[in-house]
Amino acid sequence: MKPIILFITCVMANIVCFGQADTLTVPVADTTPVKSTLTVGAVYANNASYYGQKAEEKTPYIAMAATYRLKAGFYFSGLAYKLLNEKTSGISAGSLGGGVGFKLGTRLSADINYNHTFFAGNSPLLQAGNPDNASVALTYENWLNVAITGDYAFGKSNDGFVTGALSKSINLFSIGKKDIISISPSADVVAGTQHFYQVYQEEKKLRDSLLGNVLGPITGNPPSGNPSKTVATTSFKILSYNFKLPLAYNRAHYVIEANYQLSVLSNNVESGSGKTNSFVTLSFYYQF
């Protein structure tokens with residue numbers, strides 16, 4: 001039971017970030033499995049989060065994910081997601097990736113991974129300009145779990161992020177003899193650059209022009225965003241503080257989970273300075 005609880009905790013720490021190593025990465029356990037495993041999952045989210053930030057448009061989505069993990073610690077993952085507000089049919093984005101997790105000590109583990117996301121044209125997602133992501137994470141497991149993750153996102157722009165996180169998995173009670181209700185509160189702080197937002201603003205202007213919504217040159221209204229701040233994107237600064245509260249029903253091979261995330265954005269953030277964002281996800285995972 002413990003491996004599946006740890007596995008879902010790792011997943012939900014990442015699922016709301018959508019294409020980075022805070023939405024949908026695929027399940028990766030933090031212990032070496034006794035056998036090769038295949039994990040599949042389905043997720044609904046009321047909005048896509050990118051390190052606690054969200055796009056100007058609402059982006060609720062559903063997603064399907066799968067990870068195949070070898071005994072040696074290597075794993076391969078794939079996912080597909082659909083934005084529910086899109087009027088067009090078909091998949092909104094898909095991702096392929098791989099990595100390796102390994103122990104550095106009794107309580108210290110590491111994970112190195114890379115993934116590439118295939119975004120549809122004119123995607124409204126904040127991170128669509130940086131489809132490639134390489135990540136390195138260190139996790140120390142004790143009464144309180146401590147993790148630090150470094151991400152390098154690149155594509156049309158280049159950005160670096162560092163996330164420091166604290167989490168605790170708590171078993172609450174059991175309904176039957178073979179299940180556990182658990183809660184895994186966590187808090188993290190994210191620092192990074194924001195070149196991706198410049199690309200997002202450029203792509204948004206293009207999407208608006210295709211929809212006939214470019215009013216600035218005609219009416220004199222300023223464009224969305226804050227172009228005067230774009231020079232700040234080269235600086236590495238605190239971006240957000242994120243608090244997550246996943247509640248899970250765990251059995252031997254599957255997990256059903258509801259997660260609430262509150263993100264408090266710093267004054268350095270261009271996409272909504274000083275604001276708070278809320279995200280809700282519902283997920284189901286099954287491990288073979």
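1. Some remarks on the packing of aromatic side chains
Stage number 1. Taken as a whole, this structure holds twelve aromatic pairs when the rule is applied.
Stage number 2. Taking the centre distance of 6.3 Å and the plane angle of 55 degrees together, the rings of Tyr61 and Tyr81 count as tilted. Of this pair, Tyr61 sits in strand β2 (residues 61–69) while Tyr81 sits in strand β3 (residues 74–83), and the two are 20 residues apart along the sequence.
Stage number 3. When the centroid spacing of 6.2 Å and the interplanar angle of 50 degrees are considered together, the rings of Phe161 and Phe196 count as tilted. Linking Phe161 in strand β8 (residues 158–167) with Phe196 in helix α2 (residues 195–210), this pair joins segments that are 35 residues apart in sequence. Of the two residues, Phe161 and Phe196, both sit in the buried class.
Stage number 4. One aromatic cluster is present, built from ring pairs that chain together Tyr249, Tyr254, Phe284, Tyr286 and Phe288.

2. Thoughts on the confidence of the model for the protein chain
Stage number 1. With 80% of its residues at a pLDDT of 70 or more, the protein chain has an overall mean of 85.
Stage number 2. pLDDT under 50 marks residues 1–30. Its contacts with residues more than four places away, or in other chains, come to 122 contacts.
Stage number 3. Note on residues 214–231: pLDDT under 50 across the span, and 20 contacts to partners over four residues away in sequence or across chains.

3. A few points about the environment of Thr163
Stage number 1. Counting through the fold element by element, Thr163 comes out in strand β8.
Stage number 2. Between the C-alpha atoms of Thr163 and Ile148, which are 15 residues apart in sequence, the distance is 5.6 Å.
Stage number 3. Residues within four places of Thr163 in sequence aside, it is in contact with Tyr51, Ala147, Ile148, Thr149, Asp188, Val189 and Val190.

4. Some thoughts on the nonpolar core
In summary, soluble globular proteins display a tendency toward joint burial of nonpolar side chains.
Stage number 1. With 13 residues, the main nonpolar core has Tyr50, Tyr51, Leu126, Phe161, Phe196, Tyr197 and Tyr200 as its most contacted residues.
Stage number 2. The element that contributes the greatest number of residues to this core is α2, accounting for three residues.
Stage number 3. Ala48, Leu79, Tyr81 and Ala93 belong to the second largest nonpolar core, which has eleven residues in total.

5. Structural notes on the pairing of β3
Sheet faces and side chains relate simply in a regular strand, where the side chains alternate between the two faces.
Stage number 1. In this sheet, β3 lies alongside β2 in antiparallel orientation, the contact comprising nine bridges. Along β3, the bridge assignment pairs Ala65 with Leu79.
Stage number 2. Here eight bridges tie β3 to strand β4 (residues 93–103), and the two strands are oriented antiparallel to one another. What sits directly across from Ala80, in β4, is Gly94.

What counts as what
Residues numbered from 1 in each chain as written. Predicted model: local features only at pLDDT ≥ 70, side-chain atom pairs only at ≥ 80, totals over all residues. Heavy atoms only, no water. Phe/Tyr/Trp six-rings, centres within 6.5 Å; stacked < 30°, edge-to-face > 60°. Helix = DSSP H or I, 4+ residues; strand = E, 2+ residues; numbered from the N terminus. Buried < 20%, exposed > 50% of the residue type's maximum accessible area, 1.4 Å probe, protein only. pLDDT = per-residue confidence, 0-100. Contact = heavy atoms within 4.5 Å. Core = buried A, V, L, I, M, F, W, Y, C linked by side-chain atoms within 4.5 Å. Pairing = 2+ DSSP bridges.

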